[in-house]
Amino acid sequence: MADLDVVVVGAGFAGIYAVHALRSAGLTVRAFEAGSGIGGTWFWNCYPGARCDVESKDYSYSFSPELEQEWSWSERYPAQPEVLRYLNHVADRFGLWPDIQLNTRVTAAIWDGEASQWTVRTDDGAERTARFCVMAAGCLSAYQVPAFRGLESFRGPWYHTSRWPREGVDFTGLQVGLVGTGSTGIQVAPEIAEVAQHLYVFQRTANFAVPNRNAPVDPNVERALKAGYRQYREQARASMLGVPVEGTGRPALAEPAAELQRTYMERWQAGGGMPFLGAYTDVLVDRAANDTVAEFIRDRIRETVRDPAVAELLCPTTYPVGAKRLCQSDDYFAMYNRPNVTLVDVRSDPIAEVTPEGLRTADGFYALDALVFATGFDAMTGALARIDIRGADGLPLTEKWAAGPRAYLGVATAGFPNMFIVTGPGSPSVLSNMVVSIEQHVEWIRDCVEYAVSHGYSQVEATSEAEKAWGEHVIEVAYSTLFPMADSWYVGANIPGKPRVFSPYIGGVGTYRARCDEVASAGYEGFVLTVSLADCRRLAVSVSVNPQAQQVLDGRAEAGVPPTWEQTPEEARAGFAPVREMIGPGPDVASVRDIVIPGTAGGIPARVYSPVANPPGTVVYYHGGGWVLGSVDDWDACVRALAVASGCDVVSVDYRLAPEHVFPAATDDAYDALVWVAAEMAGDRPLAVAGDSAGGNLAAVSALRARDSGGPALALQVLIYPVTDHDLDRESYRKYDGREFILNKGDMAWFWDHYAPDPAARSNPYASPLRATDLSGLPPAFVLTAEHDPLRDEGYAYADRLRAAKVPVEHRHYGSQIHGFFTLVNVIDDADKAAAESGAAIRAAMEG
Ligand code: NA7
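Treat the numbers as computed from the prediction; the structure is a model and nothing was measured.

Quick question: what am I supposed to make of empty space enclosed by the protein here?
Rolled over the atoms, a probe as big as a water molecule pinpoints where empty space is left. This structure, assessed with the given rule, holds 6 cavities of 30 Å³ or more. Here the largest cavity is characterised by a volume of approximately 230 Å³. As for the largest cavity, its lining consists of 18 residues, of which Met274, Leu277, Arg325, Leu326 and Tyr490 are closest to the centre. Considered class by class, the residues forming the lining of the largest cavity number 11 nonpolar, 4 polar and 3 charged. By volume, the second largest cavity amounts to about 70 Å³. Lining of the second largest cavity is provided by Met135, Ala137, Gly138, Cys139, Met380, Ala383, Leu384, Ile421, Val422, Thr423 and Gly424.

Okay, here's the thing in structure tokens:
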């Protein structure tokens with residue numbers, strides 16, 4: 001059995017939500033996070049100036065309306081510490097800490113096809129097994145430091161922005177070199193320039209940047225947003241980029257020049273990158289249209305930077321705007337007007353080496369006290385490549401992806417069953433508001449896992465065909481845009497030797513979501529789901545407890561009800577009084593009368609429920625209670641419900657109880673009652689037996705005895721979480737050993753001790769019907785099992801044996817229910833549902 005249902009790799013935005021979502025679905029989850037805190041990107045990138053370039057109102061979880069109402073952002077664009085505070089608040093608020101293990105890096109994930117599980121190794125030397133593995137390792141977490149010759153000889157300190165010292169760095173009075181002018185370089189540069197004696201910015205490629213216009217959040221605007229937040233989120237989900245952007249809906253090339261300038265200037269003044277790219281319909285698909293934006297931004301750079309030569313160097317010219325991440329900054333370009341900042345063009349004068357004293361380019365030398373690398377990441381695939389992931393037949397993921405990443409919907413890859421990638425290559429991911437995409441992926445993954453588990457599938461795997469077709473679609477869409485025209489990290493161009501493949505899906509967040517939903521509704525089209533019920537049971541998947549059942553459990557815990565095995569039979573029997581009170585009366589039945597059935601060992605009290613004048617059949621019902629507890633009175637409500645649902649007469653039998661009367665007294669009474677009802681009451685009408693728990697045992701045994709001794713013919717046996725075997729060495733017993741779920745392993749041992757004190761007697765098929773050598777010729781069965789029930793597995797086992805013996809079996813499994821729920825009518829809605837389902841099965845058997 002796997003240690004966990006799901007291992008989550010990483011605890012950034014994706015991992016945090018994955019823990020919450022999967023755990024809320026009742027799965028056991030553990031997230032491993034290499035950092036000493038949660039937050040992923042927002043944990044590691046704590047360099048000065050680190051700020052999100054998506055607005056705080058958009059860059060936040062939407063899964064909890066309460067969370068979004070409670071939390072207030074201080075700024076339009078949140079700075080790194082605030083994002084981190086938010087994520088810690090989320091972990092606190094939803095109590096996620098117990099399922100997140102910090103300071104632990106996942107080093108390997110190895111698929112074990114036979115056991116249908118992943119073995120996950122961590123750098124603390126531990127090993128865990130999990131049915132599913134969710135990779136939430138981040139699209140931009142594997143940072144890269146270029147292999148500059150001589151770096152190791154540098155006398156001063158050097159830093160990568162993504163591994164910034166948490167205590168901060170003091171550059172006061174220092175000569176600092178900064179390599180890299182992407183989003184990060186642009187953010188950190190002005191902060192360093194503020195304190196350093198001199199800052200040299202080594203630029204290989206100029207970048208487009210637009211202003212943030214960052215400002216404190218206006219409380220009135222916040223109030224208005226929160227009043228309509230739900231609708232706003234819906235718009236975000238259906239949008240192109242995961243942020244509702246208002247475009248003109250027109251192509252730029254059809255717009256008069258003055259109007260074009262007006263639109264761009266408005267957006268420039270308002271701040272933000274997405275409104276720029278979304279202004280016109282052709283900006284990202286037509287180079288001439290794109291040039292109108294590019295030239296507008298270049299003009300603003302020329303306007304801002306006083307030295308025309310520096311301004312020209314800062315003007316990007318080699319790729320379309322948007323094809324590399326459009327940067328955002330309020331002060332980057334103006335920084336070049338400072339006397340202590342020098343821009344060095346390392347495109348024309350490339351970096352040759354790092355020396356102990358500084359940095360040498362082909363034509364010059366720069367004496368430096370400290371070096372900062374804002375040189376980016378091995379994006380999309382780097383974090384996974386650093387883990388030894390091996391799928392079916394030991395295939396390493398790095399090998400499978402050697403020519404470029406392939407993943408169906410960007411979420412799963414063929415050959416790696418039960419592994420999901422949050423915002424993986426082939427999904428909108430980095431081309432969208434990550435939080436929206438993360439939520440969508442996590443929820444889809446959760447639903448897929450739930451689907452697999454609830455349908456008894458032990459393996460979910462993307463097919464190569466689906467993966468190939470999706471990959472072709474991703475590329476086709478990408479190449480219908482200008483995106484592939486830049487040497488960006490979107491195509492892996494920033495990593496020497498990385499195959500050039502456009503990884504993210506540019507078809508739009510809304511379109512992508514719709515496709516994912518379609519795949520799910522079609523029963524996970526493009527995935528192979530392997531049916532292995534046996535696996536599923538063996539692995540003991542944990543699913544959530546039904547909330548009403550949980551209330552019952554909580555109530556018992558609060559009342560301090562001791563486990564049955566700690567009580568005397570008398571005490572335990574008295575324990576039914578408060579339960580009866582909780583349940584209240586069952587439904588009205590036209591006629592109810594008490595009778596005494598003449599049994600071979602004396603009179604057997606019974607109660608006859610007649611819901612209608614001319615019922616289609618008669619049911620003999622045996623209550624539960626481990627052959628030790630319970631009575632017709634205690635079971636009155638649920639038997640009424642069954643009588644009403646089936647429309648049949650139901651005779652509820654008060655058989656003799658142990659320890660006063662040990663095996664076979666109860667089964668003798670049960671069988672005597674059946675024979676008598678068949679002869680004296682049923683007439684020509686069909687007859688069925690039914691019972692729950694120990695009563696289910698008596699029903700199964702009565703059916704067996706009737707077959708063995710040529711007794712009454714039965715139309716159906718209704719076995720509600722029946723006891724079928726005395727062997728307590730089953731997974732469901734282990735799972736509920738010592739756990740109070742109404743019935744636990746200790747209770748069941750106690751019942752057996754009272755009912756069949758002679759251990760040899762327990763193997764008698766009339767005590768343990770599962771042990772009967774032959775189950776053929778038995779009446780059709782309706783078997784009902786509950787997930788949180790030690791009797792679950794023997795119920796399954798009996799259904800399997802009956803099927804194997806060609807007995808028709810209808811099996812209903814109540815995935816979130818506890819033992820005993822069938823009796824709790826008026827308390828647990830599923831009790832009514834179960835009565836209705838069993839009643840319908842009885843009626844169908846009687847009528848058919
Ligand atoms: P980016 O966007 O990958 O930027 C990395 C920068 O580092 C970029 O300017 C690169 O120049 C430069 N770089 C990388 N290697 C070298 C070498 N060897 N020599 C000189 N310059 C080099 O990473 P960021 O951290 O800024 O941003 C990543 C994402 O985080 C961003 O898109 C947002 O989504 C958030 P190049 O352009 O390759 O010539």
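For this particular structure, what's the right way to read the packing of aromatic side chains?
The geometry of two aromatic rings is summed up by the distance between their centres and the angle between their planes. Under the defined criterion, the tally for this structure stands at 52 aromatic pairs. For the ring pair Trp444 and Tyr524, a centre distance of 5.3 Å and an interplane angle of 70 degrees mean the geometry is edge-to-face. On the criterion of sequence distance, the pair formed by Trp444 in helix H15 (residues 434-454) and Tyr524 in the loop between helix H17 (509-521) and strand S20 (527-531) is long-range, its members being 80 residues apart. A relative accessible area of 4% places Trp444 in the buried class.

I would appreciate a short explanation of the sheet that holds strand S23 (residues 618-622) in the present structure.
Neighbouring strands of a sheet are bound in pairs by backbone hydrogen bonds; such pairs are parallel or else antiparallel. With mixed pairing, 8 strands are arranged side by side in an open sheet as S21-S22-S24-S23-S25-S26-S27-S28. Each edge of the sheet is formed by a strand with only one pairing partner; in this case those strands are strand S21 (591-599) and strand S28 (809-818). When strand polarity is set aside, the average angle formed by the axes of neighbouring strands in this sheet is 20 degrees. In the packing of helix H22 (residues 636-646) onto the sheet, the strands contacted are S21, strand S22 (602-610), S23 and strand S24 (649-653), and the crossing angle to S22 comes to about 50 degrees. Docked against the sheet, helix H29 (residues 829-847) engages S23, strand S25 (687-692), strand S26 (716-720), strand S27 (781-788) and S28, running at close to 175 degrees with respect to S28.

Explanation requested: the site of the ligand in the structure shown.
The environment of the ligand is made up of 20 residues, and the closest members are Thr181, Thr184, Arg204, Thr205 and Lys324. Arg325 places a side-chain nitrogen or oxygen 3.4 Å from an oxygen atom of the ligand. Summarising the interface, the protein chains cover 86% of the accessible area of the ligand, which totals 770 Å² for the free molecule. In terms of residue class, the shell around the ligand is built from 7 nonpolar, 9 polar and 4 charged.

Just to check I follow, could you spell out helix H28 (residues 792-804) for this structure?
Since the α-helix advances by 3.6 residues per turn, residues separated by three or four positions end up pointing in the same direction. With 13 residues, H28 ought to run about 18 Å at 1.5 Å a step, and its terminal C-alpha atoms sit 18 Å apart, in line with that. Among all positions of H28, only Arg792, Asp793, Glu794, Gly795, Tyr796, Ala797, Tyr798, Ala799 and Leu802 are buried. Immediately downstream of H28, the backbone of Lys806 shows phi near 70 degrees, a positive value.

The rules we used
- For every chain, the first residue of the written sequence is number 1, and numbering continues from 1 along that sequence.
- Selection of residues for local features in this predicted model requires a pLDDT of at least 70, selection of side-chain atom pairs for listing and counting requires 80 or more, and totals for whole chains, interfaces and linings are taken over all residues.
- Derived side-chain values reflect all non-hydrogen atoms in the structure, with water molecules and hydrogen atoms excluded from consideration.
- Points on a 1 Å grid over protein atoms alone make up a cavity when a 1.4 Å probe fits among them but cannot get out, and a pocket when they form an open set with protein on both sides within 12 Å along at least five of seven lines; lining residues each have an atom within 4 Å of a point.
- Grid points are joined across faces, edges and corners, and a volume is the space filled by probe spheres set on the points.
- Under this grouping Gly is polar, as are all residues other than the nonpolar Ala, Val, Leu, Ile, Met, Phe, Trp, Tyr, Cys and Pro and the charged Asp, Glu, Lys and Arg.
- In this analysis, rings of Phe, Tyr and Trp, with Trp reduced to its six-membered ring, are considered paired at centre separations within 6.5 Å, and the interplanar angle assigns stacked below 30 degrees, edge-to-face beyond 60, and tilted for intermediate values.
- Think of it this way: any DSSP run of H or I at least four residues long counts as a helix, any run of E at least two long counts as a strand, and we number them from the N terminus.
- Exposure categories follow from relative accessible area, calculated using a 1.4 Å probe and restricted to protein chains: below 20% of the type maximum is buried, above 50% is exposed, and the middle band is partly exposed.
- Any two strands are treated as partners once DSSP identifies two or more bridges connecting them.
- Here, axes are lines fitted to C-alpha atoms. For helices the fit covers the stretch in contact, and angles between N-to-C directions go from 0 to 180 degrees.
- Between two residues, a contact is recorded if the distance between any of their heavy atoms is within 4.5 Å.
- Throughout this document, a residue counts as near a molecule or strand when at least one of its heavy atoms sits within 4 Å of that molecule or strand.
- Whenever two N or O atoms come within 3.5 Å, that pair is a polar contact, provided that in protein one can donate a hydrogen and the other can accept it, and provided that, for residues adjacent in sequence, both atoms are side-chain atoms.
- Computed with the Shrake-Rupley method and a 1.4 Å probe, the accessible areas treat only the protein chains shown as cover for residues.
- Multiplying one less than the number of residues by 1.5 Å gives the expected span of a helix.

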